[in-house]
Amino acid sequence: MFDLVIRGGDAVTPQGVVRCDVAVSGETIAAIAAPGVFAAESAERVIDATGHIVIPGGIDPHVHLHHVWIKPDGTPLITAGPEQVGRAALYGGTTTFIDFAYWRDGATAREAIEARDKDFAGKSPCDWAYHIMLHSEPPPEFSGELAEAIQAGYPTLKIFTTNILPSRSGRMIDFGDIWEAFQVLAKHGGLGVIHAEDNDIVMHMYAKLIREGRVGFENLAEVHNQLSEDLSFRRILRLAESVPGTALYMMHVSAGTGVAAIAEARHKGLPVYGETLHQYLIYSARDYQRPNGQIYHTYPSLKSRDDQEALWRGTANDLIHCIATDELCCTLKDKTVGNRIDDTTGGNSGVEPRLGVMYTEMVTRRGYSLPQYVDLVSTNAAKIMGLYPRKGALAPGSDADIAILDPTRRGKLRAADLHETDYTPWEGHDIFAWPVTTILRGKVMVEHGRYLGRPGDGCYLKRKISSRTLAGAVL
Ligand SMILES: [Zn+2]
């Protein structure tokens with residue numbers, strides 16, 4: 001007896017798109033078979049998915065929940081936590097996200113993880129994991145602790161090559177420490193997840209624009225520019241090349257120069273993967289001119305239309321593998337409270353519409369196949385981040401994380417219809433399919449607009465990066 005059978009949908013499986021029934025027992029997928037093979041009486045419950053698209057739950061490998069941002073007046077803005085964002089994610093068909101544990105001075109990696117667990121455990125309705133985020137001046141013993149963390153199931157290390165803003169310190173890691181970190185990652189099977197910008201160029205441009213009185217946020221693309229992405233990507237990729245076995249995941253690629261650097265590294269056979277954001281694929285620096293133009297901004301910055309096209313080509317040519325959000329969910333008031341190049345709130349409120357928006361842009365408008373779409377919003381993240389095939393696959397033995405999309409659900413996105421916050425950067429965006437049912441490890445979390453999840457439904461996912469990913473052979 002199965003707990004659930006999802007009947008007759010077009011399922012995106014590792015073997016391609018097949019019209020089939022998906023049977024769930026407990027928390028996992030028990031079997032997949034031709035429609036009607038499982039008798040109705042063989043299941044506690046049947047969901048009719050005829051005419052719908054059945055995909056693995058979305059995976060967002062880059063979110064910042066319950067994250068502190070300093071507002072222009074110096075007071076902290078704490079972004080929405082996993083209760084609120086997780087609920088919105090599930091409404092939008094995403095079942096797993098990866099956030100960050102802040103490994104600050106004076107703490108051990110273990111303490112960093114435990115501190116972050118307080119923000120998530122018992123609160124997150126989605127499954128989740130952390131990248132460990134290294135801060136400047138890592139202590140001499142960090143190498144040993146990093147090796148232990150990788151073995152303990154925390155195998156991804158976030159590294160910044162810039163402080164991003166002139167007012168901020170403590171993010172940027174110097175290249176000597178990054179070199180040390182790469183040696184540990186390579187030896188112990190970790191993956192570096194990188195925010196690369198050239199700090200000299202970025203800080204030079206801040207000083208220059210401030211001197212010239214051009215401080216409006218609409219100039220952000222001049223500060224966090226293509227040259228910065230070019231230099232920083234090439235420098236860090238070259239460093240990785242010097243430590244054989246170093247695998248990197250380049251976060252929020254925003255420029256054609258970044259895509260080109262990834263192409264060059266992959267051409268050499270290096271295990272390098274690329275991520276972009278739906279924000280960068282859909283908006284360009286021109287959108288800063290629109291009313292409340294800050295809502296389109298995420299650091300580094302929106303770039304030109306040409307950059308946008310290069311990013312799109314990257315998604316089609318195996319250079320960009322994941323489309324994440326860089327979620328920092330806050331109100332419109334907080335998102336627009338800063339309006340200068342040096343105080344505009346970063347991040348994005350977009351985890352809920354991610355699957356729907358990308359369906360429109362990829363499948364409807366650009367003719368991507370359903371498997372390509374699923375790879376970019378779910379499967380590739382699972383493969384790169386050490387979650388596959390538990391996550392990111394509709395296959396026997398995988399977790400029963402399932403989103404059912406209705407391709408007849410069409411219309412325009414409205415913030416009022418979403419569950420994330422009081423605005424959306426995709427207001428008025430066309431929708432050609434929408435997740436109508438979301439299942440997390442066999443539990444129906446959203447169905448026909450009703451939310452059935454609970455804050456503690458999610459669990460932490462310990463991870464191990466596969467040897468194929470580390471060798472660059474997986475994608
Ligand atoms: Zn981020």
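Located above this text is the structure these notes cover.
Residues numbered from 1 in each chain as written. Predicted model: local features only at pLDDT ≥ 70, side-chain atom pairs only at ≥ 80, totals over all residues. Heavy atoms only, no water.

**A word on the overall build of the chain**
From N to C terminus, the chain includes 14 helices and 21 strands. The C-alpha radius of gyration of the chain comes to 21 Å, within 12% of the 23 Å expected for a compact globule of 475 residues. With the C-alpha coordinates of the chain rotated into their principal frame, the extents come out at 70 × 50 × 40 Å. Residues counted as buried form 64% of the 475 residues belonging to the chain. When contacts within the chain are restricted to residue pairs at least 6 apart in sequence, those whose partners lie at least 24 apart make up 74%. Of the roughly 16900 Å² that the chain leaves accessible, carbon and sulfur atoms contribute 51%. The averaged location of the 58 negative side-chain charges in the chain is 2 Å from the averaged location of its 48 positive side-chain charges. (Helix = DSSP H or I, 4+ residues; strand = E, 2+ residues; numbered from the N terminus. Rg over C-alpha atoms; globule rule 2.2 N^0.38 Å. Buried < 20%, exposed > 50% of the residue type's maximum accessible area, 1.4 Å probe, protein only. Contact = heavy atoms within 4.5 Å. Areas by Shrake-Rupley, 256 points an atom, 1.4 Å probe, with all protein chains shown as cover. Lys, Arg positive; Asp, Glu negative; His and termini not counted. Charge placed at Lys NZ, Arg CZ, Asp CG, Glu CD.)

**Structural notes on the sheet that holds strand β10 (residues 127-134)**
Taken in spatial order, the 8 strands make up an open sheet running β6-β9-β10-β11-β12-β13-β14-β15, and their pairing is parallel. The open sheet terminates on both sides in strands that have one partner only, identified here as β6 (58-60) and β15 (322-324). For this sheet, the mean angle separating the axes of adjacent strands, direction not counted, is 30°. The sheet contact formed by strand β14 (residues 272-277) and β15 spans 3 bridges and is parallel. Counted as the bridge partner of Leu277 is Ala324 from β15. In the packing of helix α4 (residues 175-188) onto the sheet, contacts are made with β11 (156-160), β12 (191-195) and β13 (247-250), and the angle to β11 comes to roughly 165°. Running at roughly 60° to β6, helix α13 (residues 370-385) makes contact with β6, β9 (94-103), β10, β11, β12, β13, β14 and β15 of the sheet. (Pairing = 2+ DSSP bridges. Axes fitted to C-alpha atoms, helices over the stretch in contact; angles between N-to-C directions.)

**Let's talk about the coordination of the zinc ion**
All of the protein donors around the zinc ion are His62 (NE2), His64 (NE2) and Asp326 (OD); their distances to the metal are 2.0 to 2.2 Å. Expressed as a motif, the donor residue spacing for the zinc ion is H-x1-H-x261-D. The class of His62 is buried, set by a relative accessible area of 0%. A residue is classified by how much of its surface remains accessible, and His64, at 6% relative accessible area, is buried. (Donors = N, O, S within 2.8 Å, 3.2 Å for Na, K, Ca; no water.)

**Digging into the state of the cysteines**
Taken as a whole, this structure holds 0 disulfides when the rule is applied. Cys329 supplies the cysteine sulfur nearest to Cys330, a cysteine that is in no disulfide, at a spacing of 6.8 Å. Given a relative accessible area of 6%, Cys330 falls into the buried group. Counting only cysteine sulfurs, Cys126 is the nearest neighbor of Cys459, a cysteine outside any disulfide, at a range of 11 Å. (Disulfide = S-S within 2.5 Å.)

**Concerning the pattern of salt bridges**
Inspection of every chain in the model, using the stated rule, returns 28 salt bridges. Ionic pairing is found between Glu212 and Lys208, a salt bridge with its closest N-O pair at 3.3 Å. Within this structure, Glu27, Asp127, Arg390, Lys391, Asp399, Asp401 and Arg441 form a network of salt bridges that share partners. (Salt bridge = Lys/Arg side-chain N within 4 Å of Asp/Glu carboxyl O.)

**Section: the pairing of strand β1 (residues 4-13)**
For β1, the tally of buried residues reaches 10 of 10 residues, placing the bulk of the element in the interior. Examined bridge by bridge, β1 and strand β2 (residues 16-25) share 8 bridges and lie antiparallel to one another. The residue of β2 that forms the bridge with Val5 is Ala23. Counting the residues in the hairpin turn of β1 and β2 gives 2 residues. As paired elements, β1 and strand β4 (residues 46-48) share 3 bridges and run parallel to each other. What sits directly across from Arg7, in β4, is Asp48. Judged from the 2 bridges that link them, β1 and strand β5 (residues 53-56) form a sheet pairing that is parallel. Of the residues in β5, the one forming a bridge with Asp10 is Ile53.

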